[in-house]
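Inside the fold
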Amino acid sequence: MKQIKFPVTQFHHKYDKMDFMNYKVLIGDKRYAGKHHADIVDSDGYLYKLTEVKVKGRTRIIDSIRLGGNIVEFEPVLSETEKPIELSIFKNMVIEYLKRKKNDYSALDHYKNLINEVNSKDDFESIMKIFFVS
């Protein structure tokens with residue numbers, strides 16, 4: 001498996017959520033270990049289809065405090081080998097999510113403004129950074 005380059009975008013199927021992660025490794029609350037059907041797009045433009053995440057190890061205590069849970073490092077289990085994805089397809093994935101879930105990122109801006117900003121970017125990482133709160 002290619003090393004996942006952060007930041008990443010996760011499209012979680014079960015919860016119909018789009019999350020952005022800017023860590024050095026894949027982390028999350030321990031209770032989410034196990035079946036985990038999601039697509040992850042990394043900042044190099046590779047698509048990873050997750051079927052499961054296994055606990056790989058502990059993270060720093062500060063991560064658990066800051067993120068509010070029992071935060072651990074995950075090891076992804078993929079249903080297929082990662083593959084490159086076109087920027088236009090990634091933009092469409094993000095835009096379709098924003099159209100469906102208009103209020104999910106309303107604290108950042110109106111969804112139409114976010115869509116315009118996504119369309120104006122020319123690389124994966126700059127699109128992901130739109131959604132990071134400084």
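Heads up: these notes are all about the structure in this document. (Residues numbered from 1 in each chain as written. Predicted model: local features only at pLDDT ≥ 70, side-chain atom pairs only at ≥ 80, totals over all residues. Heavy atoms only, no water.)

**Here's the deal with the overall build of the protein chain**
Applied cut-off: Secondary structure is summarised from DSSP: a helix means a run of H or I of at least four residues, a strand means a run of E of at least two, and numbering begins at the N terminus for each. We compute the radius of gyration over the C-alpha atoms and compare it with the globule rule, which gives 2.2 Å times the number of residues raised to the power 0.38. Burial here depends on accessible area, computed with a 1.4 Å probe over protein chains only, as a share of the maximum for the residue type. Under 20% is buried, over 50% is exposed, and the range in between is partly exposed. We call two residues in contact whenever any of their non-hydrogen atoms come within 4.5 Å of each other. To measure how exposed things are, a 1.4 Å probe is used in the Shrake-Rupley method; for residues, cover is taken only from the protein chains shown.
Scanning the protein chain from terminus to terminus reveals four helices and seven strands. Secondary structure elements in the protein chain, listed N-terminal to C-terminal, are β-β-β-β-β-α-β-β-α-α-α. Whereas a compact globule of 134 residues would reach a radius of gyration of roughly 14 Å, the protein chain reaches 15 Å, a difference of no more than 12%. Along the first, second and third principal axes, the C-alpha set of the protein chain runs to 40 × 35 × 25 Å. By residue count, 41% of the 134 residues in the protein chain fall in the buried class. Intrachain contacts of the protein chain at a sequence separation of at least 6 include 60% that bridge at least 24 residues. As displayed, the protein chain offers around 7800 Å² of accessible surface, 48% of which is attributable to carbon and sulfur atoms.

**Observations concerning the nonpolar core**
The condition that has to hold: By nonpolar core is meant a set of buried Ala, Val, Leu, Ile, Met, Phe, Trp, Tyr and Cys residues that side-chain atoms within 4.5 Å join together.
Counting residues in hydrophobic clusters, the biggest one holds 21 residues, and the most contacted among them are Leu98 and Phe131. Secondary-structure elements contributing two or more residues to this core are strand S2 (17–21), helix H2 (87–100), helix H3 (111–120) and helix H4 (124–129). Top contributing element to this core by residue count: H2, with five residues. Discounting residues that sit within four places of it in the chain, Phe131 has contacts with Phe20, Val94, Leu98, Tyr105, Leu108, Leu114 and Val118. Of all hydrophobic cores here, the second largest spans 11 residues; its members include Ile4, Phe6, Tyr48 and Phe74.

**A few points about the pairing of strand S6 (residues 71–78)**
The condition that has to hold: Pairing between strands is defined by DSSP: at least two bridges between the two strands are required.
Note: strand S3 (residues 27–29) against S6, three bridges, orientation antiparallel. Within S6, the position partnered with Asp29 by the bridge is Ile71. Here strand S5 (residues 46–58) runs beside S6; their pairing, made up of seven bridges, is antiparallel. Bridge pairing links Gly57 to Glu73 in S6.

**Some thoughts on unusual backbone geometry**
Note on backbone geometry: most residues besides glycine have negative phi, and most peptide bonds are trans. With omega at 5 degrees, the peptide bond leading from Phe6 into Pro7 counts as cis. Here Pro7 is to be found in the segment before strand S1 (8–12). A positive phi is found at Asp16, a non-glycine position, where the angle reads about 45 degrees. Relative to the helices and strands, Asp16 is located in the loop between S1 and S2.

**Here we look at the packing of aromatic side chains**
Condition: Aromatic rings from Phe, Tyr and Trp, with only the six-membered ring used for Trp, were paired whenever their centres fell within 6.5 Å, and each pair was classed as stacked if the ring planes differed by under 30 degrees, edge-to-face if by over 60, and tilted otherwise.
Going through the model one piece at a time under the given rule, you end up with five aromatic pairs. With centroids separated by 4.4 Å and ring planes inclined at 5 degrees, the aromatic side chains of Phe20 and Phe131 adopt a geometry described as stacked. Linking Phe20 in strand S2 with Phe131 in the segment after H4, this pair joins segments that are 111 residues apart in sequence. Assessed through its relative accessible area of 6%, Phe131 is described here as buried. Ring pairs connect the aromatic residues Phe11, Phe90 and Phe124, which therefore count as one cluster.

**Some remarks on the side chain of Asp42**
What counts is decided by this rule: Residues adjacent in sequence count toward polar contacts only when both atoms are side-chain atoms; beyond that, a polar contact is any pair of N or O atoms within 3.5 Å, and within protein one must be able to donate a hydrogen and the other to accept it.
Assignment of secondary structure puts Asp42 in strand S4 (residues 34–42). Since its relative accessible area comes to 0%, Asp42 is described here as buried. At 3.2 Å, the side chain of Asp42 forms a polar contact with the side chain of Tyr48. Excluding residues that lie within four positions of it along the chain, Asp42 makes contacts with Lys2, Gln3, Ile4, Lys5, Pro7, Val8, Tyr48, Phe124 and Met128.

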